[in-house]
Structure formats: structure tokens, C-alpha cells
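# Working through the structure, step by step
The lines below spell out each chain.
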2 protein chains.
Amino acid sequence: MNRSFEILDVTLRDGSHAMRHSFTEKQVEETARGLDKAGVSYFEVSHGDGLGGSSLQYGFSKVNELKLIEAASSVCSRAKVSVLLIPGIGIKDDLQDAVKAGAKMVRVATHVTEADVAAQHINLGRELGLKTVGFLMMAHMASTAKIVEQAKLFESYGAEIIYVTDSAGYMLPNEVTERIKALKENVSCEIGFHGHNNLSMAMANTIAAVEAGASYIDGSLRALGAGSGNTQTEVMVGVFERLGYNTGINLYDILDVANDVVAPFMQRPQEITGSSLILGYSGVYSSFLLHTQSAAQKFNVDERDILVELGKMKAIGGQEDLIFDVAQRLALNV
Amino acid sequence: MNRSFEILDVTLRDGSHAMRHSFTEKQVEETARGLDKAGVSYFEVSHGDGLGGSSLQYGFSKVNELKLIEAASSVCSRAKVSVLLIPGIGIKDDLQDAVKAGAKMVRVATHVTEADVAAQHINLGRELGLKTVGFLMMAHMASTAKIVEQAKLFESYGAEIIYVTDSAGYMLPNEVTERIKALKENVSCEIGFHGHNNLSMAMANTIAAVEAGASYIDGSLRALGAGSGNTQTEVMVGVFERLGYNTGINLYDILDVANDVVAPFMQRPQEITGSSLILGYSGVYSSFLLHTQSAAQKFNVDERDILVELGKMKAIGGQEDLIFDVAQRLALNV
């Protein structure tokens, strides 16, 4: 079968959450080299919360992300580096710096109902000659009609690809199919899907996305990412091969970088634990997990109760402060 | 929604593989108590390869499985203990002893084309007053017609439930749907599904099974089992709740036994590593994994190459000797 999609690897960006933003240049360089060798076309390097994310609110990076982007770019013969930018966290200057460091693609991420904050960043991306992507986070929280409306905004700003992003690892395949199909029918951009494995459905959701017409799908090596992690890149390669697709990626080579480079530096395995399951179950932003565990410990409350409460409140990315408020409230039983 | 299926937990049987058959009475007792409290109706306790599996070929059990069955039964107020029996490994005496120790269900497991070896064991199960199950392993290796034929044999012997068992973690949802539907149409027994997560598809396959009419589905806590482990019991509870099914199991209680009892005694996390992925990719019996790793080390060859070769040879359970033969052959490059 002809190549119908690109696998975009996010180990070095979504994985930053799981690493508590402690990536070193050496780790990034070796991972980048392995991805490039295996045949990956694009991979992402940034703080977990995107360019400029290094802060008290989101966690400080051990190494400046521009150095990491540079380290990654410098070892690639064909793979291109993407960066994530969440307007409000990252600013235009950050993007200009990232391009100097070697970035070739920008994914501008907004909450699923807030694409309108992304116009100037998409524009700038175009001016800088980047491949530009609109990245709709927490896509489970909006109706299909709403997602189409927001995608049209991204399209009008000049985005070439629009992502459906299951930030909470909440979605099930029929929900993915419905959203991707609606986008395919209503916008002319290419469509992407980014999944999390909190309900053990990331791989099935990714298959559903491709079958519905997605041409960009995200994965991470050993699933390294927020919550229970992402769709596992090397598993995607094996499964899509079995399904008869040409992924352009060599299975043994991608396994080598996953197991020989990434696995040794992981701080913990990407299992589905009680808390990451509750993230998916309640529809809570996956990058809330480690903050919630800190808050649970500080206030001596059940972290699952914090997550269930955040789900009820429909908390979204950027509202990390709420985590501690909820924990405190539960501790005081008010 | 009314309860339409039972979740049968196999932590204390399939998990025996991942524990290298080292379960202690205390581990079994605490896990059993947790499963019973959470509302699980059936759970399985035996050597990973079933009654009588403790041997040089399959690995010796640290504690006699009859003691483990007794320990599990003794703490249950409502949950019932199942045992696995593979004819040829286990014998009739083993089943009689298991019943004395408290077993209430027997699952007689055969390769998917060999149900005919199970007649006397199913008969004995009926005589002993057990719930009897025919367990068709490596179900991906047979056509739907063949599976129906074999299921009819099990039905004729008196089995009340027939399982489609994805021992290699190879199947994809459409393949599960096709098999379960065919069985629902052609036999009057209840139908079950047992999945492995080598391709990260166990949960999706399990949903497909239920939607196609399966009324027994297997899971294990923290996915503890052969290969990359089983469908994760506590995730099943969360996902099926989200889908509107009544599982009869309390989510927090099942999370507690998974995380507070099982996680601490696990020897390693149930990740999808290179080798377990290749199991699923090549369609190799999941319990071959640890043997293959030993053989790879002994002969200094790539364990993935051994698994790919075993897949090509269509090796099945009981042919564990082949693993070392293949490793030796690869080492000698013949």
C-alpha cells in the first residue's frame, strides 16, 4: 500500500512531562539520531507545555529547550524538528529563536474552543517558512460541529494540518472516527491525531484515525508522555505494517532507539496506574498528573478524588492552579 | 444497562508467567481478598501453564498450586476460583485435587485445532459439579470455520462457555468480532474472550468481543500476564463504565488491589518492549517470551530474530523445546 500517513514522534516533547522536563542534550541527541536513522520524517522537541513552558507554573527545564532543539537538528540527515507552541505560554520571539535553532514545523496548540488565539502564531510560522499545524487540545470536550468551526478558523489563518488531540486519553474509536471524518469533509487541510493511553485505547484510536483519513499520527517511544503516555511509536510501526500500510519506518531500527536509548533514561515505566486511568475516565488533561500527585501528597488526600473533581469542573490546560485549590478543599472537606 | 458479561480475572494464573511461577500464599491471599471485595465473580489460580505445569519444561512453582488455590478460596465470600487445565500438562487427578482445594470452574485449554483432546476433562469437570469452559488458544491461527467446528466439539462434550483466546496478542478488533459473531451464531454456549496486549490492542479487542456478544472477558490486574500482559482488569472496569455497561465491580476497590497489592510484588512492569511487540507481530505464544530471553542470552543472538523465526514455523504451546533449537541454529548461522 502507498504511504498514506506520517508518524510524528513526540518523545522529546510530550515525554518532557514524564521526565519532569529534565532532558539533557545527550539524551535528545541520541534519540534524534535514532529517529532519523529509523526513517521518521518529523519529531517534536520542546518543553512539555511547548516553547516558553519552563516556569514555576509548568516546571522548569533542566536544559534550555533551544539547546535541545539545536542538538536534535544537528544530528538529523533527513528528519525535521517540530516545536509546540501554546499561545500565552510561548510567544512569537520563542518561535523565531526555535527556527534559528533548527525547527522546521510549528504546531500551535489551543484549547479546542479557542483557535482564535492562534492566528498571529500561524501567520508567523508561515512567514518563517515553517510547516504550520493547528493543534486542537482536549478534543473530547467539544461537539463535532464545534471542532469543524474551530478547524475552519485554523484553516483561515493558513494552517496546513489540523490535529484532533485527545489530551485526556478519554476518547474511544467511534468518537475519533466521527471527528476526523467531519474534518475531512469540511476542511481541505490534512488532518492529524494525537492520542494518550490512559484508557488503553491509544493504538485503537490511532487506527480509527487513519481509517477515517488522518494523514499525520503522533506517537512516542516506549509511550513516554503525559498521563499513561502516548500511542507507542514502535508499536504503531508494527501494527500498521500488519495492516498493510507502508510507514516508511524500519521496525528493528525504531525498536532499537526505543529500547536502547529511551528506556534506559525513563524515570518510570508508562503503566496505566490508578491515577492515569482516572485521568482518562474523568476526561482530565494528561499533563495534570504529576502536579496532582504532588498536591495529593501535600494535602494528604486521594489523588483520584482530585482528578474526579477536576473532571467535573471541566478544568483545562492553563488551569493548573486549580489542582492545588481542589486538593486543599478536599483536605478541609468543604 | 443490565449486566451482560462477567469479568474473569487471571492475575493469579496468567500472571504466574510474569512472576516466573513464584507466587506466595500471602500474595495470592491478599489478591484474592481484594478481588472478592471489589465484586469479581470468578478469578483463576494455577501455574501459568495450568494445573500440573510446575516442571522443568514450564518452570517450577515456588509454592504448590493446590496450596495457592486453597489460600485463595479460603478468603472469598462470594468470588469463585477457576483453574486452567491443558490436557497433557495437567491430568484428571490434578483436577480432582483442585476441586478439593476449592476450585469451582475449570477451563480446559487446547490449541485451537485440538479440542478433541479435551473430552474427558470436560466430562470430569461436569461430574465434579464445576462450571466448565473450553478454551481455544492461539485462535488467530485458525479460520472462523475451523473455530466453529472446534467449538462444536467442546459443546458436544458439555462445555458451558467457549473462549476465543488470543494467546499471541496478535489479533485486531475486526478479527475478534468475526470469530465471536460466528460462534454466537453457531453454538449455544456462552462465549468468552481472552486477550494479550502485545500490540496494545487488548482493550479494544475486548470491547469488540463484548459488542459481538461475548459474555465472559478476561483481565488481569496491572495487566500482569505472559508477553506484554493481558487486558488490564481495572481499565476494563473504567472503560466499560464509560460505555454504559454495569460491570458489577467497584472501580476504586479494584484499583486498590491492583495498585496496593499487585503492583508492589510485580517483578517488572508490563510494558510493550521490543520482544513482546514482536510476539504479537509474529503471532507467537505469549508465554514463550521469558524462555526466549533466556535462550537469546545463552546463545548470544537477537531475541527478536528467534521470535520471528518461531512465528514463521507456526510454533505452538507445548513446543517450548523449539525455542532453544532455533536460538542454537541462529547462533551457528545454519
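Residues numbered from 1 in each chain as written. Chains lettered and ligands numbered in written order. Predicted model: local features only at pLDDT ≥ 70, side-chain atom pairs only at ≥ 80, totals over all residues. Heavy atoms only, no water.

All names here are of chain B. Of note in the backbone geometry, Ala 223 takes a positive phi value of approximately 70° without being a glycine. Of note, Ala 223 is situated in the loop between strand S8 (216-219) and helix H9 (233-242). With relative accessibility at 6%, the residue Ala 223 sits in the buried group. The backbone of Lys 314 shows a phi angle near 55°, a positive value even though the residue is not glycine. Tracing the backbone shows Lys 314 in the loop between helix H13 (303-312) and helix H14 (321-332). Classification of Lys 314 by relative accessible area gives exposed; the value is 57%. (Helix = DSSP H or I, 4+ residues; strand = E, 2+ residues; numbered from the N terminus. Buried < 20%, exposed > 50% of the residue type's maximum accessible area, 1.4 Å probe, protein only.)

Moving on: the pairing of strand S3 (residues 80-85) of chain B. Residue and element names in this part refer to chain B. In terms of burial, S3 is largely enclosed, as five of its six residues are buried. With three bridges joining them, strand S2 (residues 42-44) and S3 adopt parallel strand pairing. Of the residues in S3, the one forming a bridge with Phe 43 is Val 81. Looking at chain direction, S3 and strand S4 (residues 103-111) are connected through five bridges and run parallel. Bridged to Val 83 within S4 is Val 106. Handedness of the crossover joining S3 and S4 through helix H4 (residues 92-101): right-handed. (Pairing = 2+ DSSP bridges. Right-handed = clockwise from strand over helix to strand, strands pointing away.)

All names here are of chain A. Splitting chain A by domain gives domain 1 (6-265) and domain 2 (274-332). Of note, the centres of domain 1 and domain 2, computed from C-alpha atoms alone, are 24 Å apart. Contacts between the two partners involve 22 residues from domain 1 and, on the opposite side, 20 residues from domain 2. Between domain 1 and domain 2, the buried area comes to about 1,600 Å², and carbon and sulfur atoms account for 59% of it. At the junction of domain 1 with domain 2, the criterion picks out zero salt bridges. Scanning the region where domain 1 abuts domain 2 turns up five residue pairs in polar contact (both at pLDDT 80 or more). Considered class by class, the residues forming the side of domain 1 that touches domain 2 number nine nonpolar, 10 polar and three charged. (Domains from an automatic or database assignment. Contact = heavy atoms within 4.5 Å. Buried area = accessible area lost by both parts, 1.4 Å probe. Salt bridge = Lys/Arg side-chain N within 4 Å of Asp/Glu carboxyl O. Polar contact = N/O pair within 3.5 Å; in protein donor to acceptor, adjacent residues only side chain to side chain. Nonpolar A, V, L, I, M, F, W, Y, C, P; charged D, E, K, R; others polar.)

Glancing now at the relation of the copies chain A and chain B. In this structure, two copies of a chain are linked by a rotation about an axis accompanied by a shift along it. Of the two same-sequence chains, chain A is brought onto chain B (RMSD 0.0 Å, axial shift 0.0 Å) by a rotation of 180°. The superposition of one copy onto the other is thereby described by a two-fold rotation axis. Considering only C-alpha atoms, the part of chain A nearest the rotation axis is Ala 204 of chain A, at 3.1 Å. Of the residues that chain A buries at the interface, 100% are likewise interface residues in chain B, meaning the two copies contact each other through the same surface. (Least-squares fit on C-alpha atoms with pLDDT ≥ 70 in both.)

Quick look at the UniProt feature "active site" (unreviewed entry) in chain A now. According to UniProt, the feature "active site" (unreviewed entry) maps to His 17 of chain A in the numbering used here. If we skip the residues at most four places from it in the chain, His 17 of chain A touches Gly 48, Asp 49, Ala 226, Ser 287 and Leu 290 of chain A. (UniProt positions renumbered as here; feature names shortened; annotations may be inferred.)

By secondary structure assignment, the location of His 17 of chain B is in helix H1 (residues 15-18). A distance of 3.2 Å separates a polar atom in the side chain of His 17 of chain B from the backbone oxygen of Gly 48 of chain B.

Moving on: the UniProt feature "binding site: substrate" (unreviewed entry) in chain A. Residue and element names in this part refer to chain A. Sequence positions flagged by UniProt for "binding site: substrate" (unreviewed entry) are, in local numbering, Arg 13, Asp 14, Ser 167, His 194 and Tyr 285. Looking at the element boundaries, Ser 167 is found in the loop between strand S6 (161-165) and helix H7 (173-186). With a relative accessible area of 4%, Ser 167 lands in the buried category. Excluding residues that lie within four positions of it along the chain, Ser 167 makes contacts with Met 137, Met 138, His 196, Val 284, Tyr 285 and Ser 286.

The next thing to look at is the sheet that holds strand S3 (residues 80-85) of chain A. All names here are of chain A. The parallel closed barrel is built from eight strands, whose spatial order is S1-S2-S3-S4-S5-S6-S7-S8. For this sheet the average axis-to-axis angle between neighbouring strands, irrespective of direction, equals 25°. With respect to the sheet, helix H3 (residues 65-74) is in contact with strand S2 (42-44), S3 and strand S4 (103-111), its orientation differing from that of S3 by roughly 160°. (Axes fitted to C-alpha atoms, helices over the stretch in contact; angles between N-to-C directions.)

Evaluated as defined, the whole model comprises 18 aromatic pairs over all chains. Relative to Tyr 157 of chain B, the ring of Phe 154 of chain B lies with its centre 6.4 Å away and its plane at 75°, an arrangement referred to as edge-to-face. Of the two residues, Phe 154 of chain B and Tyr 157 of chain B both sit in helix H6 (residues 144-157), three residues apart, roughly one turn of that helix. Of the two residues, Phe 154 of chain B and Tyr 157 of chain B, neither departs from the other in class, the shared state being buried. Both rings, one in Phe 299 of chain B and one in Phe 324 of chain B, keep their centres 6.4 Å apart while their planes meet at 70°; by these two values the pair is edge-to-face. In this pair, Phe 299 of chain B is assigned in helix H12 (residues 289-299) and Phe 324 of chain B in helix H14, connecting sequence segments 25 residues apart. Grouped by ring-pair contacts, the aromatic residues Phe 5, Phe 240 and Tyr 245 of chain A constitute a single cluster. Over the face of the ring belonging to Tyr 163 of chain A we find Arg 107 of chain A, whose NZ or CZ atom lies 4.7 Å from the ring centre. The aromatic ring of Tyr 170 of chain B is capped on one face by Arg 242 of chain A, whose charged end is 3.6 Å from the ring centroid. (Phe/Tyr/Trp six-rings, centres within 6.5 Å; stacked < 30°, edge-to-face > 60°. Lys NZ or Arg CZ within 6 Å of the ring centre and 35° of its normal.)

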